[in-house]
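Listed below are the residues making up each chain.
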Amino acid sequence: MAFKALAALLSVAALQTANAALIRRATCADGNVVANAACCSLFAVRDDIQQNLFDGGECGEEVHESLRLTFHDAIGTGSFGGGGADGSIAIFEDIETNFHANNGVDEIIDEQKEFVARSGMTVGDFIQFAGAIGVSNCPGAPRLPVFIGRPNATAPAPDLTVPEPFDSVDSILARFADAGNFSPAEVVALLASHTIAAADHVDPTIPGTPFDSTPEIFDTQFFVETQLRGTLFPGTGGNQGEVESPLAGEIRLQSDSELARDSRTACEWQSFVNNQAKIQNAFKAAFTKMTVLGHNAADLIDCSDVVPEPPAFTDGAHLPAGLSQNDVEQACATTPFPTLPVDPGPATSVAPVPPS
């Protein structure tokens, strides 16, 4: 499985290298320079969604939801059937959004419809494109790749392809392995997406509740705070797939908590703490693999030139005010949890992500 995963990553990397080496760079009518002239039309699409979907280039709710949608569409493949990143979740919205795991994705699908219609892109291409462009607004994020050329889905993905927050670690790892030979380390890397995420429907009484204290920054705080002892529920409590979190206003998924503490993933999880280079590189590699699920990468066109360089982020990880190293639940058996500075001031309380 590990060899297959490596081979898949190398094939995408080889495609990117080959495109750069063999395709003469083209100058678009607007002056932008790209590796392939087929990418020129994407600059106008990018500018449209930056201004009108992402509120002028913010790392806010629509970015979080667009990134979530890339995964929910792409993971719909494997022995269950499904075409992967083919846009089926939007094309067959009336079917797939009724699956329990896709609760709430209809909102971003409906928001994106007008942009898809005027983009000239296939639905699968647009979903992955919007996710990559949105993430570029988040300080500390990697510059994600964009590929085009996916045909539109002709059938919906089946139910039960998207892992649920109440699924066991065994089930989650098996689902990722089935979908694309993702290793446990790659699963952890993909969950770095939760550093810029919030939950609307786990506890519907508190929409927009973040998974860490810095949901507008692509940093390693998510990996810090999931390893802190949970002491409270930010809302009603007792919700399926939710466990106690360490901070007022912060929600913790059962799946995140268990992956942070499982012997197969705990050390990898901890290795992201205060390692900005690793979270960037590992997430980019895992996203690159995910974004082409269901397709032959050699058949796609690399349009990564269109993606802006994300703002830099240089601050280190920290423990939230009011907590200490004593609140860390050590899970990695071989390496101690890093010693981190503690934020000054009163106990940290996390504000919800505001709606657009």
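It should be noted that the structure appears before, not after, this text.
Model, not experiment: these values are computed from the prediction.

Scoring rules and cut-offs
- Residues numbered from 1 in each chain as written.
- Predicted model: local features only at pLDDT ≥ 70, side-chain atom pairs only at ≥ 80, totals over all residues.
- Heavy atoms only, no water.
- Salt bridge = Lys/Arg side-chain N within 4 Å of Asp/Glu carboxyl O.
- Helix = DSSP H or I, 4+ residues; strand = E, 2+ residues; numbered from the N terminus.
- Buried < 20%, exposed > 50% of the residue type's maximum accessible area, 1.4 Å probe, protein only.
- Polar contact = N/O pair within 3.5 Å; in protein donor to acceptor, adjacent residues only side chain to side chain.
- Phe/Tyr/Trp six-rings, centres within 6.5 Å; stacked < 30°, edge-to-face > 60°.
- Lys NZ or Arg CZ within 6 Å of the ring centre and 35° of its normal.
- Core = buried A, V, L, I, M, F, W, Y, C linked by side-chain atoms within 4.5 Å.
- Expected span 1.5 Å × (residues − 1).
- Bend = angle between axes of the 7 residues up to and from the residue.
- Contact = heavy atoms within 4.5 Å.

Colleague: Hey, could you run me through the pattern of salt bridges in this one?
Modeller: Pairing is possible between side chains that carry opposite charge, provided their charged atoms lie close to one another. Summed over the entire model, instances satisfying the criterion amount to 16 salt bridges. Across the pair Arg118 and Asp48 runs a salt bridge, and its minimum N-O distance is 2.6 Å. Of this pair, Arg118 sits in helix H6 (residues 105-119) while Asp48 sits in helix H2 (residues 42-52); the two residues are 70 residues apart in sequence, bridging distant segments of the chain. Overall, the relative accessible area of 46% leaves Arg118 in the partly exposed class. For Asp48, a relative accessible area of 17% gives the class buried. Notably, a salt bridge pairs Asp125 with Arg150, separated by 2.7 Å at the nearest N-O pair. Placement of Asp125 in helix H7 (residues 123-135) and of Arg150 in the loop between strand E3 (147-148) and helix H8 (169-180) is noted, with a sequence separation of 25 residues between them. Classification of Arg150 as buried rests on a relative accessible area of 1%. Among the charged side chains, a network of salt bridges with common partners joins Arg229, Arg261, Asp327 and Glu329.

Colleague: Would you take a moment to explain the side chain of Ser304 for this structure?
Modeller: Among the secondary structure elements, Ser304 is positioned in the segment after strand E8 (301-302). Judged by its relative accessible area of 15%, Ser304 is buried. A distance of 2.6 Å separates polar atoms of two side chains, one belonging to Ser304 and the other to Asp302.

Colleague: Help me understand the packing of aromatic side chains, please; the structure alone is not making it clear to me.
Modeller: Each aromatic ring pair is specified by the distance between its two centres and by the angle formed by the two planes. Under the defined criterion, the tally for this structure stands at 8 aromatic pairs. The interplanar angle of 15° and the centroid separation of 4.7 Å between the aromatic rings of Phe223 and Phe272 together place this pair among those described as stacked. One end of the pair, Phe223, is in helix H10 (residues 221-225); the other, Phe272, is in the loop between helix H12 (266-271) and helix H13 (276-290), with 49 residues separating them in the sequence. Per residue, the accessibility class of Phe223 equals that of Phe272, and both read buried. Ring pairs connect the aromatic residues Phe222, Phe223, Trp269 and Phe272, which therefore count as one cluster. Here the guanidinium or amino end of Lys278 rests over the ring plane of Phe272, the centre of that ring lying 5.0 Å away. Against the face of Phe182 rests Lys289, its NZ or CZ located 4.7 Å from the ring centre.

Colleague: Hey, could you run me through the nonpolar core in this one?
Modeller: Nonpolar side chains tend toward joint burial in soluble globular proteins. Counting 88 residues, the largest nonpolar core has Ile49, Phe129 and Phe223 as the members making the most contacts within it. Sorting elements by how many residues they give to this core places H7 first, with 8 residues.

Colleague: It is not clear to me how H6 should be interpreted in this structure. Could you clarify?
Modeller: One full turn of an α-helix is made of 3.6 residues, so residues set three or four places apart face in the same direction. In this model, H6 (15 residues) spans 20 Å end to end at C-alpha, consistent with the 21 Å of a helix rising 1.5 Å per residue. Bending of H6 peaks at approximately 40° at the position of Lys113. Looking only at H6, the buried set comprises Val105, Ile108, Ile109, Gln112, Phe115, Val116 and Ser119. Elements that come into contact with the buried residues of H6 comprise H2, helix H3 (61-74), helix H4 (88-91), helix H5 (93-96) and H7. Remark: Gly120 follows H6 within two positions and exhibits a positive phi of approximately 75°.

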